[in-house]
Amino acid sequence: MSTMTKRRYSYVFLLPAAIIYFVFFLLPTVLSFFFSMTRWTLTDWDFIGFDNYITFFSETALSIGFRNTLIFAVVTCGLKVLLGLLLGTLLTSSIIFKSYLRSVIFFPTLLSTIAVGITFSTMMHPSQGLINISLAALGLNGPDWLGNVKIALLSVALVDVWKGVGIATVIFIAGITAIPQEYYEALKIDGGNAYDGFRHITIPLSRPAMNTVIILAFIGGLRTFDLIWAMTKGGPGFTTDLIASIIYKQYQAGFYGLATAGNVILFIGVSLLAFPLYRFLTRSEVDQ
Amino acid sequence: MSTGLKRFVTGFFAVLLTTVVFWVPFYFVIINSFKNQAEAAEMTMALPTTFEIFNNYKEVLTTADNMLIRAFYNSTLLTVLSIIILIFVSAMAGFVMQRREGGRASSTINFLVLAGLMIPPAIVPTIWVLDSIGLFKTLAGITLIEVALHFPFSAILYKAFMSTLPREIDESAFIDGCGGVRLFFSIIFPLLKPVTSTIIILQAINIFNDFVNPLYFFPGANNATVQLTLYNFMSRFTTSWNLLFADIVLISIPPLILFIFFNKKIVAGMTAGAVKG
């Protein structure tokens, strides 16, 4: 690159952002590797090696977070992809009330997660909640959505999908709209029906959109904290504790080193799962 | 079935389904925020016998020494300050990142910025850093945190938009004797206006709705933001659902207003950012 370019597009422009980003994001991230190996009071630390990590993996109350986080990420991501694809297809077809439907589905993504969490925990109350009262009116016996250890995590996952499916839908709409109409016309001439179009044109050609949704939803799922905290606080017991909520609990209890170890584990988990996923998905995109 | 009828029937069922799934919760919250305490405790969809709208909203705003009003003030201030700094630093960053794409440092810079989209921030070390420079529990501290964490997404949007501005603009400015700084501020930045407004709207909603970062980095009774206040009211109002719901309605109004006016921009920004990220 010429010296002219260097002078005109000086990296000085990058400096304010770089300083803020370095001090408040990159530096703490690097420091977390060191502090995760200490017993830490914020003013003083003892180096204790991998003890925090051993604690994290050996105590059930902490290690349950791995399983829960993975389940939560897979379930929410899967449902968002599936529903987003179906809704995206529906909302790019020629039905009436299209723009109204788009707005209604999208709007919850802009609401406060805490507000959504509180609202749904009220509606999921086992005896008084709106959901079970409605089910009872239909003669069905609704479960204790947030109190039953077997389904509490899935209930929260459903609320997360309710709130987040709008983003998946608009990304799919953008992807599907970009597919040339000629393909569908050619299919029609060859005698294919709407299902064939969905199966052999929409699904393969909306792959870039699908990859984006998978990566966003999966990483979002792994990092989830506020919805869990507003709805169950990790309970009943530790059955809905995610890594991020465990980090908060350890932080509150003053175990800063342990909380930081949780952070590093989440960091490594996201990198190990998300980066390869990203590369795998973008590679198969090129292959097709 | 004729296509016209089919279109109508599918659309009709879709509207019916979204009404149940989306409007029922909205209606439930709004109608219960109008009831008195006893009726709201029943948590039904029924209309209130007496509308306590004014009393409820007044009480939720003034409770705990006008806590919610202070929270609105704090959240608004935090959002406005963060957005101003964020726009300024990420527009400049996106400008240089795009114009020097392919240079020696550019792949490292791109990697570090992309990493910020995925990696969760390290909580306690961040508190330690804030504390060491005297910014823990301060508005300045939380503002800079919000800027740092919302920078990657904004910079990537700016960078993508920069690639649609031809380099010929720069060249002719340079020929006319314009330097890099003047080029950016008097020519490029005004041209970035469409993406700037997208980022302002999108990130304002994100920062206003942020719960996690204020929870960790901005604790303290005087520092309450609207999301923290709502969270605290959850335990304060365990028996007064009408007030809790009134709070939910109040803090949902700002995003609702932005959504009504800028629906298209928000959707465009989210899909553009998502596809790039």
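Small disclaimer: the values here were computed from a predicted structure and weren't measured. (Residues numbered from 1 in each chain as written. Chains lettered and ligands numbered in written order. Predicted model: local features only at pLDDT ≥ 70, side-chain atom pairs only at ≥ 80, totals over all residues. Heavy atoms only, no water.)

> So what about the UniProt feature "transmembrane region" (unreviewed entry) in chain B? Which residues, and what values?
Residue and element names in this part refer to chain B. Mapped onto the present numbering, the UniProt feature "transmembrane region" (unreviewed entry) falls on residues 12-34, 77-97, 109-130, 142-161 and 241-262. For residues 12-34, helix accounts for 91% and strand for 0%, while the C-alpha atoms at its two ends are 30 Å apart. Along residues 241-262 the backbone is 100% helical and 0% strand, and the end-to-end C-alpha distance reaches 32 Å. (UniProt positions renumbered as here; feature names shortened; annotations may be inferred. Helix = DSSP H or I, 4+ residues; strand = E, 2+ residues; numbered from the N terminus.)

> Before we move on, can you summarise the UniProt feature "domain: ABC transmembrane type-1" (unreviewed entry) in chain B with the specific residues and values?
In this structure's numbering, the residues bearing the UniProt feature "domain: ABC transmembrane type-1" (unreviewed entry) are residues 72-262 of chain B. With 80% helix and 0% strand, the stretch residues 72-262 of chain B has end C-alpha atoms that lie 22 Å from each other.

> If you had to explain the nonpolar core to someone new, which residues and values would you point to?
Grouped burial of nonpolar side chains is what soluble globular proteins tend to show. Core analysis: the biggest nonpolar cluster contains 169 residues, and Y251 of chain A together with F95 and F211 of chain B have the highest contact counts within it. Of the residues forming this core, the biggest block, 17 residues, is contributed by helix 3 (residues 53-99) of chain B. Not counting the four nearest positions on each side in its chain, Y251 of chain A is found in contact with Y256 and A259 of chain A together with V124, I127, F136 and Y216 of chain B. Judged by nonpolar contacts, the second largest core, of nine residues, contains M37, Y53, I246 and A261 of chain A. (Core = buried A, V, L, I, M, F, W, Y, C linked by side-chain atoms within 4.5 Å. Buried < 20%, exposed > 50% of the residue type's maximum accessible area, 1.4 Å probe, protein only. Contact = heavy atoms within 4.5 Å.)

> Quick rundown of the packing of aromatic side chains? Include the residues and the values.
Across all of its chains, the model carries 46 aromatic pairs over all chains by this definition. Taking the centre distance of 5.1 Å and the plane angle of 80° together, the rings of W229 of chain A and Y248 of chain A count as edge-to-face. Here W229 of chain A, found in helix 12 (residues 226-231), pairs with Y248 of chain A, found in helix 13 (residues 243-252); they are 19 residues apart in sequence, far enough to count as distant. Overall, the relative accessible area of 5% leaves W229 of chain A in the buried class. Judged by relative accessible area, Y248 of chain A falls into the buried class, the value being 8%. Both rings, one in W23 of chain B and one in F26 of chain B, keep their centres 5.6 Å apart while their planes meet at 85°; by these two values the pair is edge-to-face. Here W23 of chain B pairs with F26 of chain B, and both are found in helix 1 (residues 3-32), just three residues apart, close to one helical turn. When the ring centre of W229 of chain A is taken as reference, the NZ or CZ atom of K233 of chain A above it lies at 6.0 Å. When the ring centre of Y11 of chain A is taken as origin, the NZ or CZ atom of R100 of chain B, which lies over that ring, is 4.0 Å away. (Phe/Tyr/Trp six-rings, centres within 6.5 Å; stacked < 30°, edge-to-face > 60°. Lys NZ or Arg CZ within 6 Å of the ring centre and 35° of its normal.)

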